[in-house]
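Observations on chain architecture
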Amino acid sequence: MGVSRAGDRASPTEVAAVLIDRRGVVTGLSRAAEDLLEQQAADVLGRSVLRLLAEPSAADLSAGLPDTGEISLLCGSGETITVCYRTERLRSPEPTLILAAPADQASEAQGDGALSRALLGQDSIGFVLRDSDLAVVRANVRHGAFAGPGLPQGSRLADVMHPADAADVEVALRGVLETGVPLVASEQRVRSARAPHGDWSLSVSAVRTEDERGRPTGVAVLFTDATEHWAAERRRELRHRASADIGGTLDASRTAEEIVDTLVPDFADLAWVDLADAVLKGDEPPKTFGGGNLHLRRAAGRVAHGSWPAGMLGFGEPVPPFPDVPMIRDLQEGRTIVTDRVTLERGLADPAHVRLAAPDGGHSMTVAPLFARGLVLGAVVAWRIDRTEPFDEEDAALFTEIAAHAALGIDNARRYTREQRAAAALQQRLLPQTHTSTRVMETAGAYLPAGGGAEIGGDWFDAIELPSLRTALIVGDVTGHGLHATATMGRLRTAVQTLADLELSPDELLVHLDDLVTRLAGEADPAHHDMVGATCLVAVHDPVTGRCTMAAAGHPPPLLAVTDDRVVPVVVRPGPPLGVGGLPFETTTVDVPPGSVMALYTDGLLQRYGPDIDSSTRDLAERLTELRRQEDSLPALAQALMNDAGGQPQPDDAALLLARTSALEEDAVACWDFPADPAAVASARAAVTGKLAEWGLEEQAFATELIVSELVTNAVRYAGGPVGLRLIRAGVLLCEVTDPSNTQPRMRRARTTDEGGRGLFLVAQLSRRWGSRYGLTGKTIWAEQELSG
């Protein structure tokens, strides 16, 4: 595109079109203007014309009349460009259009026909079309899309364009005739009338021509072959869209779908992505070279029109073994391939492989490996079927760039999948079994990972069987997500198991757990001290008394569903979260009749049921009430509550523990109280022997008498009275002796010369396990025996 400078002989050049707003700011340039004027000169032109049109202010531009003139512009290079211009005032408040040409090209700058004559002098394709039938009056065809013989007078646009495309262009030109509003660099995608399979992009500019009296005489049109320009624009847009749309998710299958969605239909008519089986599982793909089994699977595919071809490999199916051909080796070495159907058929040789690799009608193919960090993760294939132009070198370069970007997204997804599998496996090993059942309680737990990339966290649940048929129910929530939260959860759960085995009350257990969390925070990096924390709820259920004692550390209260289908939150006085310190933890005791269901959960579950704690707790209680009427299975009930909460991905994971209580058999518990008198030992043995005979457990009498004799004797001798004795029969035989002393008994091995010290040793030998726990006053020593038969 030539530029006329002062002192130079002008060469033919396009008419530039410049759009300016009412402030003189350039808002649009045609390609001719970009070549004719530098941006700085375009700004000067806009401001100068506004100043000439509307002095002293540009605010009156809408009332001004179109004007013509000549102006000298100083470019950034220091050279001067002299141009003549004509303004076209568009509909208010649209911008003003300036049509400009070098002064040497439009010597009659003050006349309306000057720019029309300049249009006709272009070294491109120009038409002057009559008003009546838009036939050619004069044409200058030198080169471009319409290469070939010149167009004689009277020709029509349909002589060089496909009739349908010519009709679209004529509509736009008639609009110029009717309104007088010029057409500025309008993109038109047209097909050739002489070569039906050839198509290109045209940039169409047009102004209305008028006679001396201002009457319309026709349209002066400038067609510029913009095929390469618009192809470059499309490539830039496709490159930008690929960088924005591919790899936004950490899912390999979804990333494969994003690849084909980007390629079809703007780049290809059909595309698919094959990924290595190992990549879909999060592992590294095997390093293979040559043909054979490539260990690939069709992950995604898309076709521009219609459904996926029936003869092509379906989604999810493995790619069959391929012969050892150069194309396979090039892909494995990380090179992009561009070929046509004939070459592909000759290279593969086997018609069966050709049917899998080439769609019907496909004439040009490009294949790029998904190559990242030295690994071939798969391949992406693109075919052109409907569009006639084959893939060229620029297409291959763009395709390689898109595949490289996509490969990084696939690899990130693979590594993320591997990390998630490791975290999920770790957490699965750290969490207890989801379903437990004893004579007095059935439990069912469920865990739901977080969505939106957060995934595995530190929520956990636990059901611990304690002595004397009691059960500890624990639900906790560790701060944060990922492996560090899962590891912290595992340490806390182990600590809870150990503390529960000491038979501490819920509030004491939380005090020790709070100390542990404080130590863990102290061990962490100073920048992560605030990230080590947790909330926890501990509940201990005693089936003999039918009561449940619980304490909370910053945790939401449990729900209690009693037998009349009434679900209510339990009022718990929560202490601070673990690791914060401060106020002590307080216990709450509630009656839990047999057949009741308790629901312990983390706040991640509440977030899935409602926007705030009160409403979500209410909704969860209502849903639990409804489901209890429909479902009797506790695991199914827990899963239903989780499924209802899993509709939308949430940033926090959730844990749920349901516990249903059962009643003891009638006459399963026997209790006695004895004074602090040595004679009470014989009475205790007699009471136990009689009760065991009543229960039909005479075979347990000898061992039980010895256990009772030792425990009651120690209580009378060292603790004083009263002494409580309780027998519980529920799959095992439990013997409990309660005294008012807070002294913890210790078993020691007596020497052969010692006269005492063998009592607890005998108790341990005669029972399956034994232990002691503190109460509000005093302690209880218990021993558990297996029932014979």
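Residues numbered from 1 in each chain as written. Predicted model: local features only at pLDDT ≥ 70, side-chain atom pairs only at ≥ 80, totals over all residues. Heavy atoms only, no water.

**Observations concerning the overall build of the protein**
A count of helices and strands for the protein gives 19 helices and 31 strands. Just so you have it, the protein exposes about 36,600 Å², and 50% of that area is on carbon and sulfur atoms. (Helix = DSSP H or I, 4+ residues; strand = E, 2+ residues; numbered from the N terminus. Areas by Shrake-Rupley, 256 points an atom, 1.4 Å probe, with all protein chains shown as cover.)

**A word on the side chain of Asp-477**
The topology assignment puts Asp-477 in strand β19 (residues 471–481). Relative accessible area serves as the criterion here: at 9%, Asp-477 is assigned to the buried category. Non-local contacts of Asp-477, meaning those with residues more than four positions away in its chain, are made with Gly-458, Asp-459, Trp-460, Gly-533, Ala-534, Thr-535, His-555, Thr-602, Asp-603 and Asp-652. (Buried < 20%, exposed > 50% of the residue type's maximum accessible area, 1.4 Å probe, protein only. Contact = heavy atoms within 4.5 Å.)

**A look at the confidence of the model for the protein**
The pLDDT averaged across the protein works out to 78; a share of 73% of its residues lies at or above 70. Throughout residues 1–14 the model reports pLDDT below 50, and contacts reaching past four residues in sequence, or to other chains, amount to 32 contacts. Here residues 140–150 is a poorly scored stretch, pLDDT under 50, and it has 29 contacts once near neighbours within four places are set aside; other chains count. (pLDDT = per-residue confidence, 0-100.)

**A word on a nonpolar patch on the surface**
A surface patch of nonpolar side chains, amounting to about 360 Å² of accessible area, comprises Phe-702, Leu-706, Leu-762 and Leu-766. Those elements that provide at least two residues to the nonpolar patch are α18 (701–719) and α19 (759–766). Relative to the elements of secondary structure, Leu-706 occurs in helix α18. (Patch = residues over 30% accessible without salt bridge, like charges linked within 9 Å, V, L, I, M, F, W, Y side chains within 5 Å. Salt bridge = Lys/Arg side-chain N within 4 Å of Asp/Glu carboxyl O.)

**Some remarks on the nonpolar core**
Leu-263, Phe-267, Leu-370 and Val-380 are the most contacted members of the largest nonpolar core, which totals 59 residues. In contact with Leu-263, not counting residues within four places along its chain, are Ala-268, Ala-271, Val-380, Phe-399 and Ile-402. (Core = buried A, V, L, I, M, F, W, Y, C linked by side-chain atoms within 4.5 Å.)

**A few points about unusual backbone geometry**
Residue Pro-265 is reached from Val-264 by a cis peptide bond, and omega for that bond is 5°. In this structure, the amide linkage connecting Gly-721 to the following residue, Pro-722, adopts the cis form with an omega of -5°. Looking at the secondary structure, you find Pro-722 in the loop between α18 and β28 (723–729). Although it is not a glycine, Ser-468 adopts a positive phi angle of roughly 60°. One can find Ser-468 in the loop between β18 (457–465) and β19. Even without a glycine there, the phi angle at Leu-469 is positive, about 65°. By the secondary structure assignment, Leu-469 is in the loop between β18 and β19. The exposure class assigned to Leu-469 is buried, which follows from its relative accessible area of 13%.

**Notes on the sheet that holds β19**
Across the sheet, five strands lie side by side as β18-β19-β20-β21-β24; this open sheet has antiparallel pairing. In the strand order of this sheet, the two ends are held by β18 and β24 (588–591), each with one partner. Strand after strand, the sheet turns through a mean of 15° between neighbouring axes, direction not considered. Summarising the sheet, β18 and β19 pair through nine bridges and their orientation is antiparallel. Within the sheet, the bridge partner assigned to Asp-462 lies in β19 and is Ile-474. Packing of helix α12 (residues 483–501) onto the sheet brings it into contact with β18, β19 and β20 (534–542), and relative to β18 it is tilted by some 20°. Its contacts with the sheet put helix α13 (residues 506–523) on β20 and β21 (547–553), and the angle it makes with β21 is roughly 25°. (Pairing = 2+ DSSP bridges. Axes fitted to C-alpha atoms, helices over the stretch in contact; angles between N-to-C directions.)

**With respect to α19**
Those residues of α19 lying buried are Gly-759, Leu-760 and Val-763. Down the axis, α19 shows its buried residues gathered within 90° of arc, on one side only. In this structure, the buried residues of α19 make contact with α18, β30 (769–774) and β31 (779–786). (Arc of directions from axis to C-beta.)

**Considering the environment of Thr-689**
Here Thr-689 lies in helix α17 (residues 680–695). Classification of Thr-689 as partly exposed rests on a relative accessible area of 29%. A polar contact is formed between the side chain of Thr-689 and the backbone oxygen of Arg-685, at a distance of 2.9 Å. Separated by 3.3 Å, the side chains of Thr-689 and Glu-705 make a polar contact. (Polar contact = N/O pair within 3.5 Å; in protein donor to acceptor, adjacent residues only side chain to side chain.)

**Comments concerning the pairing of strand β25 (residues 597–601)**
The element β25 is extensively covered by neighbouring structure, given that five of its five residues are classed as buried. Taking every second residue as pointing to the same face, both faces of β25 are buried, with Val-597, Ala-599 and Tyr-601 on one and Met-598 and Leu-600 on the other. As judged from the three bridges shared by strand β22 (residues 559–561) and β25, these two strands associate in the antiparallel manner. Among the inter-strand pairings, Ala-561 is bridged to a residue of β25, identified as Val-597. Direction of pairing for β25 relative to strand β26 (residues 654–661): antiparallel, over a ladder of five bridges. Residue pairing across strands places Met-598 opposite Ala-659, the latter belonging to β26.

**With respect to the packing of helix α6 (residues 252–263) against helix α11 (residues 393–430)**
α11 packs onto α6 with a crossing angle of 165° between their chain directions and a minimal axis gap of 9 Å. If you check the angle between α6 and α11, you find them roughly antiparallel. By crossing handedness, the relation of α6 to α11 is classed as right-handed. Counting all contacts with α6, which are made through Ala-252, Thr-255, Ala-256, Ile-259 and Leu-263, the residues of α11 involved are Phe-399, Ile-402, Ala-406, Gly-409, Ile-410 and Ala-413. Partitioning the contact of α6 with α11 into residue classes produces nine nonpolar, two polar and no charged. (Parallel < 35°, antiparallel > 145°, perpendicular 65-115°, else oblique. Left-handed = near helix turned anticlockwise from the far one by under 90°. Nonpolar A, V, L, I, M, F, W, Y, C, P; charged D, E, K, R; others polar.)

**A short note on the sheet that holds β28**
Strands sit in the order β27-β28-β29-β31-β30 across an open sheet of five strands; the sheet is antiparallel. Each edge of the sheet is formed by a strand with only one pairing partner; in this case those strands are β27 (669–674) and β30. Neighbouring strand axes in the sheet, compared pairwise and without regard to direction, differ in orientation by 15° on average. Two elements, strand β29 (residues 732–739) and β31, share eight bridges in a ladder whose sense is antiparallel. The partner of Asp-739 across the bridge, within β31, is Lys-779.

**What to know about the packing of aromatic side chains**
Inspection of the entire model under this criterion finds four aromatic pairs. Note on Trp-272 and Trp-308: the rings are 6.4 Å apart at their centroids and 85° apart in plane angle, and the pair reads as edge-to-face. Here Trp-272 is found in strand β11 (residues 270–276), whereas its partner Trp-308 is found in the loop between β12 (296–303) and α8 (326–332), with 36 residues between them in sequence. Comparing Trp-272 with Trp-308, the two get one shared label, buried. Plain terms: the ring middles of Trp-308 and Phe-315 are 5.1 Å apart, the flat faces sit at 50° to each other, and that makes the pair tilted. (Phe/Tyr/Trp six-rings, centres within 6.5 Å; stacked < 30°, edge-to-face > 60°.)

**Considerations on the pairing of β30**
As defined by bridge partners, β30 adjoins β31 across six bridges and the pair is classed as antiparallel. When the sheet's bridge partners are listed, Tyr-774 is paired in β31 with Lys-779. Counted along the chain from β30 to the antiparallel partner β31, the turn is four residues long, and its residue Gly-778 has a positive phi close to 85°.

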